[in-house]
Structures are given as structure tokens and as C-alpha cells.
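These are the residues of each chain, in order.
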Amino acid sequence: MIMDIKKFEEEIKTDLHRFLVGVGRMDEKMPECPDLDEMWPVIESAYLPDGVKEFTDYPLVSMGWIMFIGMALAKYWDEDWIKYSEEGGEKIYLRLRDAKGYDNLDDYVLYDVLGLSEEEAEKTSSVVGECAARVLSAMHHSGIEPGTAEAVRAYEAGLHQLYLMGVAMELNALGYHMTPLNPADLA
């Protein structure tokens, strides 16, 4: 069976978006942040060797950590994107990973980059865990044979959406709310 990866990725996007709206972590309208969208190929390339290595034993970590990276990049975008974009996606990822090691990337992002309280960090970790579990479940129920090129493409599609949802969650937390324009406001 050959899977339509674009359709699979769109289904993941819809599910994650619906979930995150439902738990109040993002608005109905997805944010647009071309700077961070453009950073994805570089982030993906830097992250894949670590993510793939961890996937067999720790699939939820392998998938969830990319969401934390998306959150960190959204925070950097808000703070001083000119400075951070000049550093480049690969260096940003390596700095995030190496600050406390891959295993502690979540804590580093939650506490050191985002500056969350313990309570908010726990809530955020729970949401990330649920998102990663949803993508993993979608992969398991897709009928894709593990270890195939198609499975890798599905994994990459899942990572892409998790990254984008991490970006969207943090933009929302920073106060960027995407609401439809009211024509009366334009007058």
C-alpha cells in the first residue's frame, strides 16, 4: 500500500490543531510565521539524526522534542529574530540540544528558554506528550510498514506538523492571537 503522505500530513495537522484549540493552546486560525516556516528544512536536517536514533526506544521523545524546538524558535523570533536567524537553524538546534544534552532538551526549553513556572512547564509537557502520542498513533494506524522509506516520510511529516504546532503554541502564549478581521474595523 502506497500512502499519500501529503494527505497523511494534512490529517495530522487537522487533528493536532483541533486538539490544541480544544485545550486553549492556540486559536482557531493558525498563525502565519514565514520566518519559522522557512527555517524548517534546516531544523529538520539537523534534528533527524538524533530523532531517528531515539525513535526505536523513545518514540514519544523523538517526536515531542521537535515541538519544544518549535516553541524555542518562536520565542527567539519574538525576542530578536535578526540576531537568531543570523546564527542559523543548525546552530540554534545544536545549542538547544547541547545546553543540557538531548535527554534534557525539554527542560532546557521549558525553563531556560521559555522561563515557565514548574506548574506551567508540567502542563506544557503534558500537551506536547499528547500531541506526540497522537502522531505516533496515526502512524501506527496508517498501515505503513515500519522501517520502510514510506515510514520515514510519514515520520518526517509528523515531525513537520509537531514543529509547526510548537511554533503556534508559543506564539499564542506570547500573545499573538490570530482572529478573523472584522470589516467594520477596517473602516
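Residues numbered from 1 in each chain as written. Predicted model: local features only at pLDDT ≥ 70, side-chain atom pairs only at ≥ 80, totals over all residues. Heavy atoms only, no water.

### Examining the overall build of the chain
Condition: A helix here means a DSSP run of H or I that spans at least four residues, while a strand means a run of E at least two residues long, and both kinds are numbered starting from the N terminus. Computation of the radius of gyration draws on C-alpha atoms, with the globule rule given as 2.2 Å multiplied by the number of residues to the power 0.38. Accessible area is worked out with a 1.4 Å probe on protein chains only. A residue is then buried under 20% of its type maximum, exposed over 50%, and partly exposed in between. Every residue pair with non-hydrogen atoms within 4.5 Å of one another is taken to be in contact.
Counting its secondary structure elements, the chain contains eight helices and zero strands. When the helices and strands of the chain are listed from N to C terminus, the series reads α-α-α-α-α-α-α-α. The C-alpha atoms of the chain give 16 Å as radius of gyration, which agrees with the globular expectation for 187 residues (16 Å, within 12%). If one aligns the C-alpha atoms of the chain with their principal axes, the spans along those axes are about 55 × 40 × 35 Å. Within the chain, the fraction of its 187 residues that count as buried is 45%. Taking all contacts inside the chain whose residues are at least 6 apart in sequence as the whole, residues at least 24 apart take part in 77%.

### Focus: empty space enclosed by the protein
Gaps between atoms show up when a probe of the same size as a water molecule is rolled over them. Note the cut-off: With a 1 Å grid spanning the protein atoms alone, the term cavity applies to any set of points in which a 1.4 Å probe fits but cannot get out, the term pocket to an open set with protein on both sides within 12 Å along at least five of seven lines, and the term lining residue to any residue with an atom within 4 Å of a point. Grid points are joined across faces, edges and corners, and a volume is the space filled by probe spheres set on the points. Amino acids are sorted into nonpolar (Ala, Val, Leu, Ile, Met, Phe, Trp, Tyr, Cys and Pro), charged (Asp, Glu, Lys and Arg) and polar (every other residue, Gly among them).
Within the structure shown, the criterion is met by one cavity of 30 Å³ or more. If you trace the largest cavity, you find it lined by Met 26, Asp 27, Lys 29, Pro 31, Ala 168, Asn 172, Tyr 176 and Met 178. Residues belonging to the lining of the largest cavity are distributed by class as follows: five nonpolar, one polar and two charged.

### Looking at the packing of helix H2 (residues 34–55) against helix H4 (residues 89–100)
Heads up, the rule is: Helix axes use the C-alpha atoms of the stretch in contact, all axes being lines fitted to C-alpha atoms, and the angles between their N-to-C directions lie in the range 0 to 180 degrees. Here is the rule for angles: anything less than 35 degrees is roughly parallel, anything more than 145 is roughly antiparallel, 65 through 115 is roughly perpendicular, and the remaining ranges are oblique. Helix crossings are classified by the rotation of the near helix relative to the far one: an anticlockwise turn of less than a right angle makes the crossing left-handed, while a clockwise turn makes it right-handed.
Here H2 crosses H4 at 40 degrees, and the two axes come no closer than 8 Å. By the angle class used here, H2 and H4 are oblique. Taken as a pair, H2 and H4 cross one another with a handedness that is right-handed. Counting all contacts with H2, which are made through Met 39, Val 42, Ile 43, Ala 46, Tyr 47 and Asp 50, the residues of H4 involved are Gly 89, Glu 90, Tyr 93 and Arg 97. Split into classes, the residues belonging to the contact of H2 with H4 amount to six nonpolar, one polar and three charged.

### Comments concerning the pattern of salt bridges
What counts, and what does not: Within this document, salt bridges are pairs made up of a side-chain nitrogen of Lys or Arg and a carboxyl oxygen of Asp or Glu, the two lying within 4 Å of each other.
Going through the model one piece at a time under the given rule, you end up with ten salt bridges. In this structure, the salt-bridge partner of Lys 7 is Glu 11, at a minimum N-O distance of 4.0 Å. Of this pair, Lys 7 and Glu 11 are both found in helix H1 (residues 5–22), four residues apart, which corresponds to roughly one turn of the helix. Classification of Lys 7 as exposed rests on a relative accessible area of 51%. Arg 134 is the salt-bridge partner of Asp 15, the closest N and O atoms lying 2.7 Å from each other. Of this pair, Asp 15 sits in helix H1 while Arg 134 sits in helix H6 (residues 118–140), and the two are 119 residues apart along the sequence.

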